[in-house]
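# Examination of the molecular architecture
Given next are the chains, with one letter for each unit.
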Amino acid sequence: MMMFQKYRRILVFLSCILASGSSLAQEPFLKLSDAIQLGLENYNSIKAKKNYLKASEALVINAQKQFLPDVTAAIQNNYGTANGQFGSLYPYRGVGMAAAGPSSASQNWNTAFGALYASNVNWDIYTFGRLKASVDIARSQVSRDSLDLQQEKFAHAIKITAAYFSLLTAQKFVEISKQNHKRVSALRDVIKARTANGLNAGVDSSITNAEVSNAKLGEIEAQNIELQATNQLAILLNTPTKHFQLDTLYFSKIPEQLGSTLAIENNPTLQLVKSRINIAENTQKLLSRNKLPVISVFGSFQSKASGFDYDYSPTNNHVDKNYFSGIAPSRSNFIIGAGMFWNFMSPTKINHQIQAQQFMREGLKNEYDLIENQLQNQMILADQRIENALLSYKESPIQLEAARNAYEQKAVLYKNGLSNIIDLTQALFVLNRAETNISVAYANVWQALVLKAASNGDIDLLIKQAR
């Protein structure tokens, strides 16, 4: 029984090890399409742009509601005196208070409770296009923030794709460096054995030791490059830095479509600048409308209460000290009307603002022309890079095949004493370079596609070909 429990524990332990090993082996690789989707969902800059867009959408509703009238109501209870005095007063910035009462020969401190109940309505029923211009500005800001979000997503997808292929290339370099280190180490073991048997000179062993050390240093350097590329991709995905298992299929195929039919005017960066120009034009229209008058209708109803009786005078002290009597309304007034209000100094004040907006619009047009010219040149560069990348892609297998044959021939000659260690290490170097070049050739084709998509603003050119 005890023996059975002992075997049972061993089986449970082994099954746990196998389960953990299988889970590690089944770790899914990160597809390019998944990386782009993850980055677009996680990156805080994109989240910020989404919130800015929501803010602009809320401001459109706010601008539309500015047409509604202003309706205010006030209830005021007070306690004070009612001394009057002949003279004038200008209530600058609300300084001063109003007191309704007779003029007396001297100051008195008779007090009573009072109240004021009022409601006012002011409605700008016609603003000569001012409200419409305000709504147009708010809507153009929504368009700008929407395009800003799209441009941010586009630029981020390009950055993720570039970082993905950079890391993929770096991982391939690590793999090639390890293979080279393993190959050189095996060669060193052979040479050591032949040197010990007197078949090779001792200097051959020293040279191979140096080559092994150089291969190890190359492997370390490749790993450092991989770490940097991994960190960059993790930042763009807004995830902790970890080892990413990427799709190596990109080293066995090239894109099926390398051209784009999308016009350069549709590039998100240009569209964003266009939206800023539109805002400047709408702002200029609003400023022009501010020169014009406003037609408004208004109405007001007011009830007043006072503890001072109607016949109160300095010699007839008729004052009701009761709070509830003092705040009970006893007199009411109303007024309704319409008017046109026009600040004749508005044109003088606004003209320079309009001029500033004109300069702003022209400056944005200059920016648009600059970016368009840069993108045009970038498209030419992308086409040239695609052409050169395809030439490298076609030439690299020829180089690799020749390098392998040369290395195998030099290795056979060296083992038979017909060649020296220098020729063999040179052939080894050429082979390592050829293995690197063919990986670079595949990566360059995909990177050229990234540049093409960035120039045209055609993100679908990448997405539809990404696994």
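Calculation notes
Residues numbered from 1 in each chain as written. Predicted model: local features only at pLDDT ≥ 70, side-chain atom pairs only at ≥ 80, totals over all residues. Heavy atoms only, no water. Pairing = 2+ DSSP bridges. Helix = DSSP H or I, 4+ residues; strand = E, 2+ residues; numbered from the N terminus. pLDDT = per-residue confidence, 0-100. Contact = heavy atoms within 4.5 Å. Buried < 20%, exposed > 50% of the residue type's maximum accessible area, 1.4 Å probe, protein only. Arc of directions from axis to C-beta. Polar contact = N/O pair within 3.5 Å; in protein donor to acceptor, adjacent residues only side chain to side chain. Axes fitted to C-alpha atoms, helices over the stretch in contact; angles between N-to-C directions. Parallel < 35°, antiparallel > 145°, perpendicular 65-115°, else oblique. Left-handed = near helix turned anticlockwise from the far one by under 90°. Nonpolar A, V, L, I, M, F, W, Y, C, P; charged D, E, K, R; others polar. Salt bridge = Lys/Arg side-chain N within 4 Å of Asp/Glu carboxyl O. Phe/Tyr/Trp six-rings, centres within 6.5 Å; stacked < 30°, edge-to-face > 60°.

### Considerations on the pairing of strand 3 (residues 294-306)
Here strand 2 (residues 112-126) runs beside strand 3; their pairing, made up of 12 bridges, is antiparallel. Along strand 3, the bridge assignment pairs Y117 with S303. Looking at chain direction, strand 3 and strand 4 (residues 331-341) are connected through 11 bridges and run antiparallel. Bridge pairing in strand 4 places S303 opposite S332.

### Focus on the pairing of strand 2
Consecutive side chains along a regular strand alternate between the two faces of the sheet. Sheet topology note: the strand 1 (residues 70-80)/strand 2 ladder contains 11 bridges and is antiparallel. Among the inter-strand pairings, V71 is bridged to a residue of strand 2, identified as V121.

### Re the confidence of the model for the chain
Averaged over all residues, the pLDDT of the chain is 85; the fraction at 70 or higher stands at 91%. Highest mean pLDDT in the chain belongs to helix 3 (residues 44-64) (94); lowest belongs to helix 1 (residues 2-25) (41). Considering only residues more than four positions removed or in separate chains, one finds that residues 1-26, a stretch of pLDDT under 50, has 0 contacts.

### Regarding helix 2 (residues 32-42)
The complete set of buried residues in helix 2 reads L32, A35, I36, G39 and L40. Buried positions in helix 2, seen along its axis, are confined to an arc of 125° and lie on one side of it.

### Here's the deal with the environment of D124
Take D124: it is sitting in strand 2. Exposure remark for D124: the relative accessible area of 36% places this residue in the partly exposed category. Spatially, the C-alpha atoms of D124 and Q66 are 9.3 Å apart, while their sequence positions differ by 58 residues. In contact with D124, not counting residues within four places along its chain, are F67, V294, I295 and S296. At 2.3 Å, the side chain of D124 and the side chain of S296 are in polar contact.

### As for the environment of R361
Counting through the fold element by element, R361 comes out in helix 8 (residues 346-415). As for R361 and A115, which are separated by 246 residues in sequence, their C-alpha atoms are 54 Å apart. When neighbours within four sequence positions are excluded, R361 is seen to be in contact with I277, A280, E281 and Q284.

### Digging into the packing of helix 6 (residues 268-289) against helix 8
Remark: helix 6 packs on helix 8, axes separated minimally by 9 Å, with the N-to-C direction vectors making an angle of 170°. Considering their axes alone, helix 6 and helix 8 lie roughly antiparallel with respect to each other. By crossing handedness, the relation of helix 6 to helix 8 is classed as left-handed. The residue inventory of the contact of helix 6 with helix 8, partitioned by class, reads 12 nonpolar, 7 polar and 7 charged.

### What about the sheet that holds strand 3?
As summarised here, the arrangement of the 4 strands in space is 1-2-3-4, forming an open sheet in which the pairing is antiparallel. Either end of the sheet is taken by a strand with one partner, and the two such strands are strand 1 and strand 4. Each strand of the sheet is rotated relative to its neighbour by a mean of 15°, with strand direction disregarded.

### Here's the deal with the pattern of salt bridges
If you walk through the whole model with that rule in mind, you get 8 salt bridges. A salt bridge links E435 to R183, with the shortest nitrogen-to-oxygen separation between them at 2.9 Å. Linking E435 in helix 9 (residues 421-456) with R183 in helix 4 (residues 130-196), this pair joins segments that are 252 residues apart in sequence. No difference in accessibility class separates E435 from R183, as the two residues are buried. For R361, the salt bridge identified is with E362, shortest N-O distance 3.8 Å.

### Overview of the side chain of Q151
One can find Q151 in helix 4. When sequence neighbours within four positions are dropped, the list of residues in contact with Q151 reads P268 and T269.

### A word on the packing of aromatic side chains
Any aromatic ring pair is given by two values, namely how distant the centres are and how the planes are angled relative to each other. Overall, the coordinates contain 13 aromatic pairs when judged by the stated rule. Ring centres of Y164 and F165 lie 6.0 Å apart, and the angle between their planes is 90°; this geometry places the pair in the edge-to-face category. For the pair formed by Y164 and F165, the shared burial category is buried. What links up through ring pairs into an aromatic cluster is the set Y79, F113, Y323 and F324.

### Things to note about the environment of N62
In this structure, N62 sits in helix 3. The spacing of N62 and V135 is 73 residues in sequence and 8.7 Å in space, taken between C-alpha atoms.

### Focus on unusual backbone geometry
Trans is the common state for peptide bonds, and a negative phi is the common state for residues other than glycine. Look at F128: it is not a glycine, yet its phi comes out positive at around 55°. For F128, the location among the structural elements is in the loop between strand 2 and helix 4. Backbone geometry places N238, a non-glycine residue, at a positive phi of 55°.

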